[in-house]
Amino acid sequence: MKNIVCLISGRGSNLEALLAAAGAERWAETLDARIAAVISNRPGAAGLARAKAAGVPTQVLEHGAFPSRDAFDVALMQAIDAHQPALVVLAGFMRVLTQRFVSHYAGRLINIHPSLLPAFPGLATHRQALASGVRVHGATVHFVSHEVDGGAIIGQSVVPVRADDTEETLAERVLVQEHVLLPRCVRLLLQGAVSLRDGRVHVQAGHDQEVAVAAW
Ligand code: GRF
């Protein structure tokens, strides 16, 4: 059984989308995979309740309780490795990870970011998009590399930016797509239809349309 470990910091709506897909698509039987654990760096993260409701074990590791970023990441690695994960998913995990952590999970650590990378890395992506005047915006699922929001791109979903959009309406439109894109990318990785080869993402023939989505 391939274990997936999800890291969260807050709301957990992407986690919920993964849990829903894992249930509806019966990942245990069809992909021999399961969401084995959810780990949060914040005790109040709403996503913890979502995991518990789905019967998934949860753990809280408060980053503030550790003397350094490195000490936190080492403890986090131990907690994650207890599950021997095939895949580690950053599903709204709002911490920059150390090089040591990123190297340890090379090729099996992915993140979802609410912009069409490489545009708008970092925070406040919807505000950045509106300020720049782009006509399209979206979400990206990518492997995590040493550069923040800079790893090889697995899948992207594009949405229009409308004239009357606010940060909130744009965020909402992107989030709907995040919830489709993340489970899909996880599924493709577990199937082996998408893989990392020499730092680039290889997509098996026939799967191109699943990793490049326009949602009008
Ligand atoms: C999402 O917008 C995700 O792209 C970003 O953080 C947010 C997390 O939302 N990395 P949620 O906790 O999944 O609801």
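One structure accompanies this document, and this report is about it. (Residues numbered from 1 in each chain as written. Predicted model: local features only at pLDDT ≥ 70, side-chain atom pairs only at ≥ 80, totals over all residues. Heavy atoms only, no water.)

**Looking at the pairing of strand 5 (residues 109–113)**
- With respect to burial, strand 5 is a largely interior element, five of its five residues being buried.
- Judged by which residues are buried, strand 5 turns out to be covered on both faces: Leu109, Asn111 and His113 on one side and Ile110 and Ile112 on the other are all buried.
- The pairing of strand 4 (residues 85–90) with strand 5 spans three bridges and is classified as parallel. Bridge assignment links Leu90 to a residue of strand 5, and that residue is Asn111.
- Regarding the hand of the β-α-β motif, the stretch spanning strand 4, helix 5 (residues 99–104) and strand 5 is right-handed.
- Where strand 5 meets strand 6 (residues 136–143), four bridges bridge the pair, whose relative direction is antiparallel. (Buried < 20%, exposed > 50% of the residue type's maximum accessible area, 1.4 Å probe, protein only. Helix = DSSP H or I, 4+ residues; strand = E, 2+ residues; numbered from the N terminus. Pairing = 2+ DSSP bridges. Right-handed = clockwise from strand over helix to strand, strands pointing away.)

**Things to note about the site of the ligand**
- The immediate surroundings of the ligand are formed by Arg11, Gly12, Ser13, Asn14, Gly92, Ile112, His113, Pro114 and Glu178.
- One nitrogen or oxygen atom from the side chain of Arg11 is found 2.5 Å from an oxygen atom belonging to the ligand.
- The separation between an oxygen atom of the ligand and a polar side-chain atom of Ser13 is 2.5 Å.
- Burial of the ligand by the protein amounts to 88% of the accessible area it has alone, namely 360 Å². (Near = heavy atom within 4 Å. Polar contact = N/O pair within 3.5 Å; in protein donor to acceptor, adjacent residues only side chain to side chain. Areas by Shrake-Rupley, 256 points an atom, 1.4 Å probe, with all protein chains shown as cover.)

**Concerning the layout of surface pockets**
- Roughly 930 Å³ of internal volume is contained in the largest pocket.
- Around the largest pocket sit 38 residues that line it, and Phe93, Met94, Asn111, Ile112 and His113 are the ones nearest its centre.
- Broken down by element, the lining of the largest pocket gets its largest block of residues, five residues, from helix 7 (residues 167–191).
- Split by residue class, the lining of the largest pocket holds 16 nonpolar, 15 polar and seven charged. (1 Å grid on protein atoms, 1.4 Å probe; cavity = no way out; pocket = protein on both sides within 12 Å on 5 of 7 lines; lining within 4 Å. Points joined across faces, edges and corners; volume = space filled by probe spheres on them. Nonpolar A, V, L, I, M, F, W, Y, C, P; charged D, E, K, R; others polar.)

**Comments concerning the nonpolar core**
- In terms of nonpolar packing, the biggest core is built from 44 residues, with Trp27, Ile35, Val89, Ile110, Leu182 and Val186 touching the most fellow members.
- With nine residues, the top contributor of residues to this core is helix 7.
- The residue makeup of this core includes at least three contributed by each of domain 1 (1–105) and domain 2 (114–139 + 157–216).
- With residues up to four places along the chain from it excluded, the contact list for Leu182 reads Asn14, Leu18, Val89, Ala91, Ile110, Ile112 and Val141. (Core = buried A, V, L, I, M, F, W, Y, C linked by side-chain atoms within 4.5 Å. Domains from an automatic or database assignment. Contact = heavy atoms within 4.5 Å.)

**So, unusual backbone geometry**
- Here the amide bond leading from Leu117 into Pro118 is cis, since omega sits at 15°, within 30 degrees of zero.
- The topology assignment puts Pro118 in the loop between strand 5 and helix 6 (125–132).
- One non-glycine residue, Phe120, adopts positive backbone phi at about 55°.
- With respect to the helices and strands, Phe120 occurs in the loop between strand 5 and helix 6.
- Backbone geometry at Asp198 places phi at a positive 50°, although glycine is not the residue there.
- On the secondary structure map, Asp198 appears in the loop between strand 8 (194–197) and strand 9 (200–203).

**Examining the pattern of salt bridges**
- In the structure shown here, the tally under the stated rule is six salt bridges.
- Of the charged contacts, one joins Arg187 and Glu25 as a salt bridge, the two residues approaching to 2.8 Å between their closest N and O atoms. Here the residue Arg187 occupies a position in helix 7, and Glu25 occupies one in the loop between helix 1 (13–24) and helix 2 (27–30), the gap between them amounting to 162 residues.
- Here Glu25 falls in the partly exposed class, since its relative accessible area comes to 28%. (Salt bridge = Lys/Arg side-chain N within 4 Å of Asp/Glu carboxyl O.)

**So, helix 6**
- Turning to helix 6, its buried residues number three or more, namely Thr125, His126 and Ala129. Buried positions in helix 6, seen along its axis, are confined to an arc of 100° and lie on one side of it.
- The inward-facing, buried residues of helix 6 contact strand 5, strand 6 and helix 7.
- A positive backbone phi angle near 80° is found at Gly133, which sits one or two residues after helix 6. (Arc of directions from axis to C-beta.)

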